[in-house]
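# Fold and contact review
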Amino acid sequence: MPTQRTIAFSPPDIGEREIEEVAAAMRSGWITTGPRTKQLEKELAGFCGTSYMVCLSSATAAEELNLRILGVGAGDEVIVPAYTYTATAAAALHVGATVKMVDCRPDSWEMDYDQMEAAITGRTKAVVPVDIGGIPCDYDKIFAAVERKRDLFTPGGNTELGKRIQGALGRVAVVTDAAHALGAVWHGRKAGSIADFTSFSFHAVKNFTTAEGGASTWRDIEGIDNEEIYRQFQLYSLHGQSKDALAKTRLGAWEYDIIAPYYKCNMTDIMAAIGLKQLERYPEMLMRRREIIRKYDEACDSMGVRHLAHYGKDFRSSGHLYLARVPGITSEQRNSIIAGMAERGVACNVHYKPLPMMTAYKALGFDILDYPNAFDYYANEITLPLHTKLTDEDAAYVAECFQDTAAEVLGTAEGRGRSDASGMGKTA
């Protein structure tokens, strides 16, 4: 074995450019939502190919406000995958909707799209695909499914704007959780411009970070004014206040109204300062992730370990997470491999423990026995560290540790030298 290294799972990649911009924001005297936040919104919208972007305090807030803009609420149903992080479902619960969970496809992280279509009823107002690891879902199948169920759809909406948006769509809305997927491409279109509404995460562990934070964006909707949607996002994110702090600083413009007792989830200029410089570096960061993924792919292919395919002829991932599965192992063996990696200084993780296994969702009546594919996918999944602070030597060390640790736990030297062409959903 080579000299032991310490490999963190997902540290933020913050450089001097970000630090200097944060310092400039602090020296400017404007540290809450202000000019830098507005600039980041414009630049991110341009990056994604959408007309507007709204920067917020988190991806969870972004997803919740997407649903509120649509007018989704009590009495409505929202379909989510069982294999995801809690924020995907929690946002729908926050607006008062009923969550319906759908299992994975066999041996895949993606929702079973046939089950998703079957779950659509006259009460369904949104489906929430999740681009796990930064890999876009199969949006051809998703949009085809909601179109086929168009006859079941009755526009509703608990707000006047929501009623008009639902009426303009005339079908169940596709509201993607793209927390991992900023910069991903599907059929030539970037994440954000694919679904009807999209939420992104800029949390510290994400490819692109503002420390915390997230954003909402949407496709142009015929007959709906984008500026009206943007204004409603602003109201929702700042207490229903008719003027933001920036507008109130104009001479003589102190007076404002509270349109409704809404929420507080705006982004600050300190956060946006990080994001502005992250965005300058982001193309090269995405390229670096691709280089590391190539090295991991080679190691996993030699072991017969299945892994997500991040790149294909009609899609390109943001390369956020490296999910790998050792065929045939138990969850106990999986945990032993993770522990063995930790002993070698390599931090690994699991993405995800399905929601029906969590206390909060069991209390709502969900049972993992109803989601066997999600459980099978989880039971032998290991997420390797993938971030732009890794050197080539670090990536090689991770791969070697993974090969050796898996071989030790399985009691065989077959961890190296085998090849298994079978996959799991989008796989190499």
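How each quantity is defined
- Residues numbered from 1 in each chain as written.
- Predicted model: local features only at pLDDT ≥ 70, side-chain atom pairs only at ≥ 80, totals over all residues.
- Heavy atoms only, no water.
- Core = buried A, V, L, I, M, F, W, Y, C linked by side-chain atoms within 4.5 Å.
- Buried < 20%, exposed > 50% of the residue type's maximum accessible area, 1.4 Å probe, protein only.
- Contact = heavy atoms within 4.5 Å.
- Phe/Tyr/Trp six-rings, centres within 6.5 Å; stacked < 30°, edge-to-face > 60°.
- Helix = DSSP H or I, 4+ residues; strand = E, 2+ residues; numbered from the N terminus.
- Pairing = 2+ DSSP bridges.
- Polar contact = N/O pair within 3.5 Å; in protein donor to acceptor, adjacent residues only side chain to side chain.
- 1 Å grid on protein atoms, 1.4 Å probe; cavity = no way out; pocket = protein on both sides within 12 Å on 5 of 7 lines; lining within 4 Å.
- Points joined across faces, edges and corners; volume = space filled by probe spheres on them.
- Nonpolar A, V, L, I, M, F, W, Y, C, P; charged D, E, K, R; others polar.

### A look at the nonpolar core
Of all hydrophobic cores here, the largest spans 76 residues; its most connected members are Met101 and Ile165. Setting aside residues no more than four positions away along its own chain, Ile165 makes contact with Ile69, Leu70, Phe197, Ile221, Ile224 and Ile229. Within the second largest apolar cluster, 26 residues are counted, among which are Tyr397, Val398, Cys401 and Phe402.

### Some details on the packing of aromatic side chains
Across all of its chains, the model carries 15 aromatic pairs by this definition. Pairing Tyr139 with Trp186 gives two aromatic rings, centres 5.6 Å apart and planes at 75 degrees, and the pair type is edge-to-face. Taken as a pair, Tyr139 in helix H6 (residues 139–148) and Trp186 in strand E6 (residues 185–186) lie far apart in primary sequence, 47 residues in all. Here Trp186 falls in the buried class, since its relative accessible area comes to 7%. With a centroid separation of 5.1 Å and an interplanar angle of 75 degrees, the aromatic rings of Tyr296 and Tyr322 are classed as edge-to-face. One end of the pair, Tyr296, is in helix H10 (residues 269–303); the other, Tyr322, is in strand E13 (residues 322–325), with 26 residues separating them in the sequence.

### Description of unusual backbone geometry
The residue after His351, namely Tyr352, is reached through a cis peptide bond having omega 5 degrees. Relative to the elements of secondary structure, Tyr352 occurs in the loop between helix H11 (331–343) and helix H12 (359–362). A positive phi angle is found at Asp107, which is not glycine, with a value near 60 degrees. Mapped onto the elements, Asp107 comes out in the loop between strand E3 (98–102) and helix H5 (113–119).

### Examining the sheet that holds E13
Read from one edge to the other, the open sheet built from three strands follows the order E10-E13-E14, with strand pairing classed as antiparallel. The open sheet has two edge strands with one neighbour each: strand E10 (306–307) and strand E14 (381–384). Strand direction decides the pairing type here: E10 and E13, joined by two bridges, are antiparallel. The residue bridging Arg306 from the neighbouring strand is Arg325, located in E13.

### Some remarks on the environment of His239
Among the secondary structure elements, His239 is positioned in the loop between helix H8 (226–237) and helix H9 (245–248). Judged by its relative accessible area of 39%, His239 falls in the partly exposed class. Sequence separation of His239 and Asn266 is 27 residues, and the distance between their C-alpha atoms is 9.7 Å. The contact partners of His239, leaving out residues within four places of it in the chain, are Ile258, Ala260, Pro261, Tyr262, Tyr263 and Lys264.

### Re the pairing of E14
Residue alternation in E14 divides its side chains into two sets, Glu381 and Thr383 and Ile382 and Leu384, and both sets are buried. As paired elements, E13 and E14 share four bridges and run antiparallel to each other. If you follow Leu323 over to E14, its bridge partner there is Thr383.

### Some details on helix H3 (residues 59–69)
Counted residue by residue, H3 has 10 buried out of 11 residues, so it is predominantly covered. When we look at burial in H3, the residues that qualify are Ala59, Ala61, Ala62, Glu63, Glu64, Leu65, Asn66, Leu67, Arg68 and Ile69. Where H3 begins, the side chain of Ser58 points an oxygen toward the backbone nitrogen of Thr60, at a separation of 3.4 Å.

### Focus: the sheet that holds strand E12 (residues 315–316)
If you trace the four strands from one edge of the open sheet to the other, you get E7-E6-E12-E11, paired in antiparallel fashion. Since the sheet does not close on itself, it has two edges, and those belong to strand E7 (189–190) and strand E11 (311–312), each with one partner. As paired strands, E6 and E12 are joined by two bridges and run antiparallel to one another. Paired with Val185 across the two strands is Arg316, which belongs to E12.

### Things to note about empty space enclosed by the protein
With a probe scaled to a water molecule rolled over the atoms, the places where space remains empty come into view. Applying the stated criterion to the full structure yields four cavities of 30 Å³ or more. Of the voids in this model, the largest cavity is the one considered here, and its volume is about 50 Å³. If you go around the largest cavity, the residues you meet are Ala179, His180, Ala181, Leu182, Ser201, Phe202, Lys206, Asn207, Phe208, Tyr282 and His320. For the lining of the largest cavity, the class distribution of residues is six nonpolar, four polar and one charged.

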